[in-house]
Amino acid sequence: MSQKDLPPQSVLMSTCLRPGRPVELILDTSLDQNQIDVRPALLHDLDPKGRLVLSQTAPPLGRRWIGRQVEITFLARYLDVPGGRWLRVGYRAPIADLVADYRLDSTRVESVIIAPKPQKLQQTTIRLAFRLTPSAESHLSLCFRSDDNPLGILDISAGGARFSHPDAWSFTPGQKLNLVLKSREEVLDLPGQVIRSGEKEGPSVRGLSITAVQFMIQDLATRQRLGQLLQKELRRQLARRSGLS
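Reading the values: rules and limits
Residues numbered from 1 in each chain as written. Predicted model: local features only at pLDDT ≥ 70, side-chain atom pairs only at ≥ 80, totals over all residues. Heavy atoms only, no water. Core = buried A, V, L, I, M, F, W, Y, C linked by side-chain atoms within 4.5 Å. Buried < 20%, exposed > 50% of the residue type's maximum accessible area, 1.4 Å probe, protein only. Helix = DSSP H or I, 4+ residues; strand = E, 2+ residues; numbered from the N terminus. Contact = heavy atoms within 4.5 Å. Phe/Tyr/Trp six-rings, centres within 6.5 Å; stacked < 30°, edge-to-face > 60°. Lys NZ or Arg CZ within 6 Å of the ring centre and 35° of its normal.

(A) Spotlight on the nonpolar core. Ranked by internal contacts, the top residues of the largest apolar core, which has 27 residues, are L52, L54, I72, F74, Y91 and L121. When residues of this core are traced back to their parent elements, those giving at least two are helix 1 (9-16), strand 1 (22-30), strand 3 (52-55), strand 4 (69-78), strand 5 (85-94) and strand 7 (109-115). A per-element tally of this core places strand 4 first, with five residues. Setting aside chain neighbours within four positions, we find L54 in contact with V23, L25, L42, L43, H44, V112, I113 and A115. Counting 22 residues, the second largest nonpolar core, distinct from the first, contains L140, I153, L226 and L230.

(B) Region of the structure containing the packing of aromatic side chains. Inspection of every chain in the model, using the stated rule, returns four aromatic pairs. Ring geometry for F144 against W169: centres 6.1 Å apart, planes inclined by 55°, an arrangement best described as tilted. With F144 in strand 9 (residues 141-144) and W169 in the loop between strand 11 (160-166) and strand 12 (176-182), the pair connects residues that are 25 residues apart, well separated along the chain. Classification of F144 as buried rests on a relative accessible area of 15%. Between F163 and F171, the ring centres sit 6.2 Å apart and the planes meet at 85°, which makes this aromatic pair edge-to-face. An identical accessibility class is assigned to F163 and F171; each is buried. Members of the aromatic cluster, each reached through a chain of ring pairs, are F144, F163, W169 and F171. Sitting above the plane of the W65 ring, R68 keeps its charged end 3.9 Å from the centroid. Its guanidinium or amino end placed over the ring of W86, R196 lies 4.0 Å from that ring's centre, counting from NZ or CZ.

As C-alpha cells, this is what we get:
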C-alpha cells in the first residue's frame, strides 16, 4: 500500500490522537538476532504544547532514553472502505521528557513519557512480529490461566493473537485477560488486553466469535522467548511443507 492509499492525514490524526488510544513504542530492532523491543503504552492526553503524554512502559524507560529516537505506532480501524480496515501508522521522534509525577487530573498523578506530536503519520508495521497461523499439528496452544481448555488460535504474533470462542463469551475492548501459551517445552504467561471482539467466525450456525488481544508482557525475557517459540513453530511448518518432516 502506498501513502496515497491511506486515509487523509486529518483522519489519521483525529483517529490516532485520542485519549485512551493504545500505542506501541518500537525501541530497538535487531534484524541479525531476529529480535524487536516493542513496549505497549497508552495515550493519556496531549499537553498544552501539543505533545503526546504517554503512560510509562513496562519495563519503564529510564532517563537515558530522553533524546533517543523511537517509533511511535497506532493500530486503529478506519471505515473508508466497505467493511472497514485495520491500519497501523506511526512516526519516528525523540523522547522529549520523562516525568515521574505528571498530574493527569485532580485525582491522578502518574509517571509518563512525553513525545513530540507527529507532523505526518505513515503506514508502518511491527516488523519482526510476524503473524503465525498454527496448523493442526502445532505444538502450541493458547488458553486462559484458570482453564486448560485450548482456545482456537486463528493467528498469533509476539504482539498479540486472535482466537475464536463461543458466542456466549463476552469481552469488551480494554478488558484484561490472563492467558498462557503452552508448548511441549514450557508454559508462558501472556497477560493480554482486548483490542476488539464480536466478529463472527465462519457461518453463524457454528456459534463462534473472534476476539483480538494485545499482549502486555512486562518481562523482556518472556517477549524474547515467545518470539523464539513462534519462530520454532514456523520452521516446523516450513519443514512439513517441504517434505523434510
